[in-house]
Amino acid sequence: MKISPKMKKSLNDQVALEGAASNSYLAMASWCEVTGYEGAANYFYAQSDEERTHMLKIIHYLNDMGAASTIPAIQSPLSTFKSLEGILKIALKNEQTVTAAIHKMVEITQKEKDHSTYAFLEWFVNEQVQEETKFETLLQKFELIGRDKLAINEIDKILAAESPTPVDSTA
Ligand code: FEO
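Throughout, a residue's number is its position along its own chain's written sequence, starting from 1. Note on the predicted model: pLDDT of at least 70 is required for a residue's local features to be given, and 80 or more for side-chain atom pairs to be given and counted; whole-chain, interface and lining totals, by contrast, use all residues. To obtain the side-chain values, all non-hydrogen atoms of the structure were used and water was disregarded.

1. A look at the overall build of the protein chain
Thinking step 1. A run of DSSP states H or I qualifies as a helix once it reaches four residues; a run of E qualifies as a strand once it reaches two. Both are numbered from the N-terminal end. Tallying secondary structure elements over the protein chain gives 5 helices and 0 strands in all.
Thinking step 2. Reading the protein chain from its N end, one meets helices and strands in the order α-α-α-α-α.
Thinking step 3. Put simply, the radius of gyration uses C-alpha atoms, and a globule should come to 2.2 Å times the residue count raised to 0.38. The C-alpha radius of gyration of the protein chain comes to 17 Å, within 12% of the 16 Å expected for a compact globule of 171 residues.
Thinking step 4. Once the C-alpha set of the protein chain is aligned to its principal axes, its extents read approximately 55 × 30 × 25 Å.
Thinking step 5. Each residue's exposure class comes from its accessible area (1.4 Å probe, protein chains only) as a fraction of the maximum for that residue type: buried when under 20%, exposed when over 50%, partly exposed otherwise. Out of the 171 residues belonging to the protein chain, those deemed buried represent 44%.

Here is the structure:
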């Protein structure tokens, strides 16, 4: 079992994209924390951890396939934001970019008849459906509840309740 140089490059690019997503969510979490959006801060810290696990999944896959992974440089993400709604809009856009990249890789696997990578990417295809739906649903809350201080406080509580389970970094 071997993957093509093209597939290897795409997967390594995806490692960088997932790493950048992790970093971007970290910046969002930090901004929320200093702004007083405690629920959203927890939500995005956990989301940042989740993206790191996505990055690790691909690193392990590349290494298992004998196509050593490339660890990307960390670039400074956007770190100043206008509002919680603005952050969620950026998050949705980021996820749409990730989805497009995953779909492109799936097309490469189909062209190359690379069944192993096709099967590996299935998890990511499904995950992206959930990720986009999650942020679309959260953005709808602003239409439903509003954008005044009380509404944002309410949305912050929703984010707290929906926080992905944080990864235990001490384990
Ligand atoms: Fe790993 Fe949210 O894309």
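2. A few points about helix α3 (residues 84-112)
Thinking step 1. Its 29 residues give α3 an end-to-end C-alpha distance of 42 Å, which sits within 8% of 42 Å, the value for a rise of 1.5 Å per residue.
Thinking step 2. Phi for K113, located one or two positions after α3, is positive at around 50 degrees. Here the expected length of a helix is defined as 1.5 Å per residue gap, with one fewer gap than residues.

3. Some thoughts on the nonpolar core
Thinking step 1. Joining through side-chain atoms within 4.5 Å is the link that ties buried Ala, Val, Leu, Ile, Met, Phe, Trp, Tyr and Cys residues into a set, and such a set is a nonpolar core. Ranked by internal contacts, the top residues of the largest apolar core, which has 25 residues, are C32, F44, L84, L88 and F135.
Thinking step 2. Elements with a contribution of two residues or more to this core: α1 (5-35), α2 (38-64), α3, α4 (115-145) and α5 (149-162).
Thinking step 3. With 6 residues, α1 is the largest single contributor of residues to this core.
Thinking step 4. The contact rule is simple, with two residues in contact once any of their heavy atoms fall within 4.5 Å. Residue contacts for F44: discarding those within four places in its chain leaves Y25, M28, A29, C32, I87, L88, A91 and F135.
Thinking step 5. In terms of nonpolar packing, the next biggest core, distinct from the first, is built from 19 residues, L62, M65, I102 and F124 among them.

4. With respect to the layout of surface pockets
Thinking step 1. Every definition here rests on a 1 Å grid over the protein atoms only: cavities are sets of points where a 1.4 Å probe fits but cannot get out, pockets are open sets enclosed by protein on both sides within 12 Å along at least five of seven lines, and lining residues have some atom within 4 Å of a point. Grid points are joined across faces, edges and corners, and a volume is the space filled by probe spheres set on the points. Empty space within the largest pocket amounts to approximately 310 Å³.
Thinking step 2. Counting residues per element, the ones that place at least two in the lining of the largest pocket are α1 and α2.
Thinking step 3. Here the lining of the largest pocket takes 6 residues from α1, the largest share from any one element.
Thinking step 4. Classes in brief: Ala, Val, Leu, Ile, Met, Phe, Trp, Tyr, Cys and Pro nonpolar; Asp, Glu, Lys and Arg charged; the others, Gly included, polar. Across the lining of the largest pocket, the residue classes break down as 9 nonpolar, 6 polar and 1 charged.

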